[in-house]
Amino acid sequence: MSLLIKNGRIITAVDDYKADIYIDDETVSVIGESLDMQADRTLDATGRYLIPGGIDPHTHIDMPFGGTVSADDFETGTRAAAHGGTTTLIDFAIQTKGQSSIAALDTWHQKAEGKTAIDYGFHMILTDMDDGRLPEMRQLADEGVTSYKLFMAYPGILYVDDGTIYRVMRKAGDDGTVICMHAENGIVIDEIVKQMLKEGHTAPKYHALSRPTRMEAEGVHRSIAIAEVAGVPVYIVHLSSADALEQVVLARNRGVHVFAETCPQYLFLDHSYYEQEGFEGAKYVMTPPLREKWNQDALWRGLKFGDLRSISTDHCPFCYKDQKELGIDDFSKIPNGGPGVENRLSLVFNGGVLPGHINLNEFVDLTSTSAAKMFGLFPKKGTVAVGSDADLVLFNPGRKETISVNNPVTHNMNVDYNAYEGFEITGLSETVISRGKVIIEDCKYVGRKGDGQYLKRGYYSG
Ligand code: URP
Ligand code: ZN
Ligand code: ZN
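Residues numbered from 1 in each chain as written. Chains lettered and ligands numbered in written order. Predicted model: local features only at pLDDT ≥ 70, side-chain atom pairs only at ≥ 80, totals over all residues. Heavy atoms only, no water.

1. Details of helix α11 (residues 344–353)
Within α11, nine of the 10 residues are buried, which leaves the element mostly enclosed by the surrounding structure. Buried residues of α11: Arg 344, Leu 345, Ser 346, Leu 347, Val 348, Phe 349, Gly 351, Gly 352 and Val 353, and no others. (Buried < 20%, exposed > 50% of the residue type's maximum accessible area, 1.4 Å probe, protein only. Helix = DSSP H or I, 4+ residues; strand = E, 2+ residues; numbered from the N terminus.)

Now the structure itself:
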């Protein structure tokens, strides 16, 4: 099957030019002006940006957490991602305590195989790595799992102590792999949570008040210091605050290989969402929590100047009804996480490019290219180039929509609310191509369950 895309404006992390693209089967094979070639199908991209498919390097699909399971499975979650212009997800497999991480990877393969609309890879959340198990990390890397997430938060669940962090980091440094860090001082936070509950503070907003930015900054500082000594690059996930970003900037100025991502929720939502009537704030119970609005200026500066390298979603949806409600009498029982995989590109274009926080090349870099480089997918993914996978989005920069759980153009996630309900956005992914196949056409899903493939990722290339 061949596909010719005419009259597009191709935007990558470094280029911006008008050309046609000829796709032979799954890969881009010719890019040129006014291509006169026969193809099985021709698309007209006049007035559209042709950008590389989005890469979301942080999702939690079908994830057991907080006494329940995240509401999207690999079918619904990847389909919703495709609607939003994302053609690759890197999700998190989880090794439970005492379990072989190789067996854990197998569990996640079974969850995803044959179900996905788009390509996907896995990081591995490690919770248990004694010396006997450490060689498993090399095996995981051979299976394409070249990054691991460690948690300084959630004691008794996903938390690992500093000794484990150091041991795993050294091994990752030896193997050339990367550590993703959930950086928050979970031990102190748990004490604050107990104290708040004892004082009778049970409402959702106390989730946020129990997790001060200083505790995030401390985790970021500590994880960078351990990584520096262990000799491994560290990638701070879901960075939410100016305090935490300051630690990244200080370390980068010292020459440490530290990278960080933030997420749309920290750029476009803020602490006031917890102050809504009743239990509504539960929709925004996520970790780290939403911060005071003034933090957003610092995050945009971090994105503009390269201290924040990527915008992921941390998509971890739980329905308001029945799932978030598990914590109706106790904020610490509200499952942590929120939806967002579908709305990332529109939100970042509308709220990042249009007001001038970032330019179009930075938009592509932050939503695709940089994650491809960081997580061993570049140049197969993350760019528009001859030889790269034909993962492409025809993005309409003038299309206006209102994000709503009731608008099928903006909400296909399997969750009963949208965190950005009522946001009026300009800029939408209208047609999405995954490895040469059109899977979203005029905002409608035309792909097939199982079109997506597992990606054996290579090594980080900065
Ligand atoms: O609240 C969140 N972020 N839930 C998902 C798990 C995590 O910490 O990333
Ligand atoms: Zn996390
Ligand atoms: Zn997460």
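2. Notes on the site of ligand 1
Near ligand 1 lie 14 residues; those nearest to it are Lys 149, Tyr 154, Thr 287, Asp 314 and Asn 336. In this structure, His 238 approaches ligand 1 through a side-chain N or O atom, which is 3.5 Å from an oxygen atom. Thr 287 is positioned such that a nitrogen or oxygen atom in its backbone is 2.8 Å from an oxygen atom of ligand 1. Burial of ligand 1 by the protein chains amounts to 100% of its free accessible area of 260 Å². Taking a 2 Å distance to the grid points as the criterion, the majority of the atoms of ligand 1 fall inside the largest cavity. (Near = heavy atom within 4 Å. Polar contact = N/O pair within 3.5 Å; in protein donor to acceptor, adjacent residues only side chain to side chain. Areas by Shrake-Rupley, 256 points an atom, 1.4 Å probe, with all protein chains shown as cover. 1 Å grid on protein atoms, 1.4 Å probe; cavity = no way out; pocket = protein on both sides within 12 Å on 5 of 7 lines; lining within 4 Å. Sits in = over half its atoms within 2 Å of the grid points.)

3. A few points about the packing of aromatic side chains
The geometry of an aromatic ring pair is captured by two quantities: the separation of the ring centres and the angle between the planes. Per the stated rule, a full pass over the model turns up 17 aromatic pairs. An angle of 55 degrees between the planes, with centres 5.9 Å apart, marks the rings of Tyr 120 and Tyr 454 as tilted. In this pair, Tyr 120 sits in strand β10 (residues 119–125) while Tyr 454 sits in the segment after β19 (444–445), placing the two residues 334 residues apart along the sequence. Residue Tyr 454 is classed as partly exposed on the basis of its relative accessible area of 22%. (Phe/Tyr/Trp six-rings, centres within 6.5 Å; stacked < 30°, edge-to-face > 60°.)

4. Things to note about the domain arrangement of the protein chain
Interface extent is often summarised as the accessible area lost during association of the parts. According to the domain assignment, the protein chain consists of domain 1 (3–51 + 382–445) and domain 2 (52–374). Taken over C-alpha atoms, the centre of domain 1 sits 27 Å from the centre of domain 2. Counting residues at the interface gives 48 residues for domain 1, matched by 52 residues for domain 2. Between domain 1 and domain 2, roughly 3800 Å² of surface is buried when both sides are summed, and carbon and sulfur atoms account for 60% of that area. Sorting the residues of domain 1 by area buried against domain 2 places Met 413, Tyr 417 and Tyr 420 first, and these three jointly supply 19% of that buried surface. Across the domain 1-domain 2 interface, the total number found is one salt bridge. (Domains from an automatic or database assignment. Contact = heavy atoms within 4.5 Å. Buried area = accessible area lost by both parts, 1.4 Å probe. Salt bridge = Lys/Arg side-chain N within 4 Å of Asp/Glu carboxyl O.)

5. Comments concerning the coordination of the zinc ion (ligand 2)
Note on the zinc ion (ligand 2): its protein donors are Lys 149 (NZ), His 182 (ND1) and His 238 (NE2). The metal-donor distances range over 2.1 to 2.3 Å. In this structure, the zinc ion (ligand 2) lies 3.7 Å away from the zinc ion (ligand 3). Of this pair, Lys 149 sits in strand β11 (residues 147–151) while His 182 sits in strand β12 (residues 178–182); the two residues are 33 residues apart in sequence, bridging distant segments of the chain. Both residues of the pair, Lys 149 and His 182, belong to the buried class. (Donors = N, O, S within 2.8 Å, 3.2 Å for Na, K, Ca; no water.)

6. Here's the deal with the coordination of the zinc ion (ligand 3)
Here the zinc ion (ligand 3) is held by His 58 (NE2), His 60 (NE2) and Asp 314 (OD), and the distances to it run 1.9 to 2.1 Å. Around the zinc ion (ligand 3), the four donor atoms sit at angles spanning 85 to 139 degrees, and that spread fits a shape best called irregular. When the donor residues of the zinc ion (ligand 3) are listed from N- to C-terminus, their spacing reads H-x1-H-x253-D. With a relative accessible area of 0%, His 58 lands in the buried category. On the basis of relative accessible area, Asp 314 is assigned to the buried category, the value being 9%. (Tetrahedral: all angles 85-135°; square planar, octahedral: opposite > 155°, others 65-115°.)

7. Here we look at the environment of Gly 255
Of note, Gly 255 is situated in the loop between α8 (242–253) and β14 (258–262). When its relative accessible area of 52% is taken as the criterion, Gly 255 is described as exposed. Spatially, the C-alpha atoms of Gly 255 and Ala 419 are 37 Å apart, while their sequence positions differ by 164 residues.

8. Re the nonpolar core
Met 169, Ile 179, Met 181, Ile 236 and Phe 363 are the most contacted members of the largest nonpolar core, which has 121 residues in total. In terms of residue count, the dominant contributor to this core is helix α7 (residues 213–230) (six residues). Mapping this core onto the domain boundaries places at least three of its residues in each of domain 1 (3–51 + 382–445) and domain 2 (52–374). Core analysis: the next-biggest nonpolar cluster, separate from the first, contains 16 residues, Leu 3, Ile 21, Leu 392 and Ile 433 among them. (Core = buried A, V, L, I, M, F, W, Y, C linked by side-chain atoms within 4.5 Å.)

9. A short note on the packing of α11 against helix α12 (residues 360–374)
The relative placement of two packed helices comes down to the angle between their axes together with the axis-to-axis distance. Remark: α11 packs on α12, axes separated minimally by 11 Å, with the N-to-C direction vectors making an angle of 145 degrees. With respect to the hand of their crossing, α11 and α12 are arranged in right-handed fashion. Here α11 contributes Arg 344, Leu 345, Val 348, Phe 349 and Val 353 to the contact with α12, which in turn contributes Leu 360, Phe 363, Leu 366 and Thr 367. Across the contact of α11 with α12, the residue classes break down as seven nonpolar, one polar and one charged. (Axes fitted to C-alpha atoms, helices over the stretch in contact; angles between N-to-C directions. Left-handed = near helix turned anticlockwise from the far one by under 90°. Nonpolar A, V, L, I, M, F, W, Y, C, P; charged D, E, K, R; others polar.)

10. A few points about the pairing of strand β2 (residues 16–24)
Of the strand pairs in this sheet, strand β1 (residues 2–11) and β2 are connected by eight bridges, and their pairing is antiparallel. Looking across to β2, one finds that Ile 5 is bridged to Ile 21. Hairpin connection of β1 to β2: four residues between the antiparallel strands. Judged from the five bridges that link them, β2 and strand β3 (residues 27–32) form a sheet pairing that is antiparallel. Residue pairing across strands places Ile 21 opposite Ile 31, the latter belonging to β3. (Pairing = 2+ DSSP bridges.)

11. Here's the deal with the pairing of β10
In terms of burial, β10 is largely enclosed, as seven of its seven residues are buried. Of the two faces of β10, the one carrying Asp 119, Gly 121, His 123 and Ile 125 and the one carrying Tyr 120, Phe 122 and Met 124 are both buried. Of the pairings in the sheet, the one linking strand β9 (residues 86–94) to β10 comprises seven bridges and is parallel in character. Pairing of Leu 89 across the sheet is with Tyr 120, part of β10. Here two bridges tie β10 to β11, and the two strands are oriented parallel to one another. The partner of Ile 125 across the bridge, within β11, is Lys 149. In the classification by handedness, the crossover that spans β10, the intervening helix α3 (residues 135–142) and the parallel β11 is right-handed. (Right-handed = clockwise from strand over helix to strand, strands pointing away.)

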